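Structural overview
Letter by letter, the chains look like this.
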Amino acid sequence: EVDVVRFISQMKKLNLITSISIGVNSDSYELIEELIDIDMIPDYITIDIAHGHAIKMKKMLEFIKSKKIKSFIIAGNVSTKKAVSDLEEWGADAIKCGIGPGSACTTWPTTGFGSRNCQASTVWECSQGAKFPIIADGGIRVPADITKSIVLGASMVMVGGMLAGFKDSPGHLIEVEGKKKKEFWGSASQFQSGKTNRIEGKKILIDFKDKSILDEMVYLEECLQSSISYGGGTDLSCLSNVRWN
């Protein structure tokens with residue numbers, strides 16, 4: 001909790017956006033109460049659990065809303081239209097969609113549940129009738145996947161592995177058999193969570209890319225600009241209609 005408070009405090013002093021991620025267990029309730037007591041409410045709160053269409057998610061959303069704080073609440077992850085509808089009703093302002101499609105996630109192979117190999121159709125289903133923004137989370141491996149996610153109804157995407165491996169990416173630089181590698185890990189992995197059981201994520205090594213994430217962002221922007229031109233528009237909004245053309 002101290003680290004979260006220090007982080008929010010430093011960000012506010014720099015007049016920057018504050019965003020934190022929490023779970024649904026007692027420690028997260030205690031953290032929210034602490035932040036309220038010291039008037040350190042972040043701009044964004046993400047309730048991030050592997051299976052978001054759950055009673056614990058409902059209780060956490062209702063708890064946060066009962067406190068009448070002004071944070072924008074992102075909740076997930078889910079993979080069905082019904083789940084999106086329920087999370088919206090429970091109080092979420094945006095929904096993360098996709099269970100287990102990420103390269104460092106082990107939910108799908110260990111449990112049999114998830115949207116691996118069907119993430120595109122999952123994003124499409126979740127967007128149907130959604131009132132609030134849909135975030136396509138996981139499985140974004142090439143720039144075209146960003147375009148496809150927007151075409152299928154997402155307002156934004158969450159990217160992990162595709163932005164890992166750069167000079168300024170998190171993780172140590174390691175040399176393996178003469179080749180440089182960078183660490184990359186899932187948010188539910190033992191490395192990230194500190195847990196030793198029921199792990200649904202892993203730490204992997206990926207090829208080192210000798211440039212910065214900012215360089216890659218320029219490339220991704222150019223890819224999206226080309227997608228927009230193919231869609232016959234001038235901005236991202238054209239992609240939400242391109243499937244009907």
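Okay, so let's go over this structure.

So, how was this worked out
- Residues numbered from 1 in each chain as written.
- Predicted model: local features only at pLDDT ≥ 70, side-chain atom pairs only at ≥ 80, totals over all residues.
- Heavy atoms only, no water.
- Buried < 20%, exposed > 50% of the residue type's maximum accessible area, 1.4 Å probe, protein only.
- Helix = DSSP H or I, 4+ residues; strand = E, 2+ residues; numbered from the N terminus.
- Right-handed = clockwise from strand over helix to strand, strands pointing away.
- Pairing = 2+ DSSP bridges.
- Axes fitted to C-alpha atoms, helices over the stretch in contact; angles between N-to-C directions.

Some thoughts on the pairing of strand β4 (residues 94-97)
- Burial along β4 is two-sided: Ala94 and Lys96 facing one way and Ile95 and Cys97 facing the other are all buried.
- Taking the sense of rotation as the criterion, the β-α-β connection linking strand β3 (residues 72-78), helix α4 (residues 81-90) and β4 turns out right-handed.
- Direction of pairing for β4 relative to strand β5 (residues 134-137): parallel, over a ladder of three bridges. In the sheet register, Cys97 faces β5, and the bridge partner there is Ala136.

Points about the sheet that holds strand β2 (residues 44-48)
- Taken in spatial order, the six strands of this open sheet run β1-β2-β3-β4-β5-β6, and their pairing is parallel. Each end of this open sheet is capped by a strand with a single partner; those strands are β1 (19-22) and β6 (156-158). In this sheet, adjacent strand axes meet at a mean angle of 25° when their direction is disregarded.
- Judged from the three bridges that link them, β5 and β6 form a sheet pairing that is parallel. Across the sheet, the residue bridging to Ile135 is Met156, located in β6.

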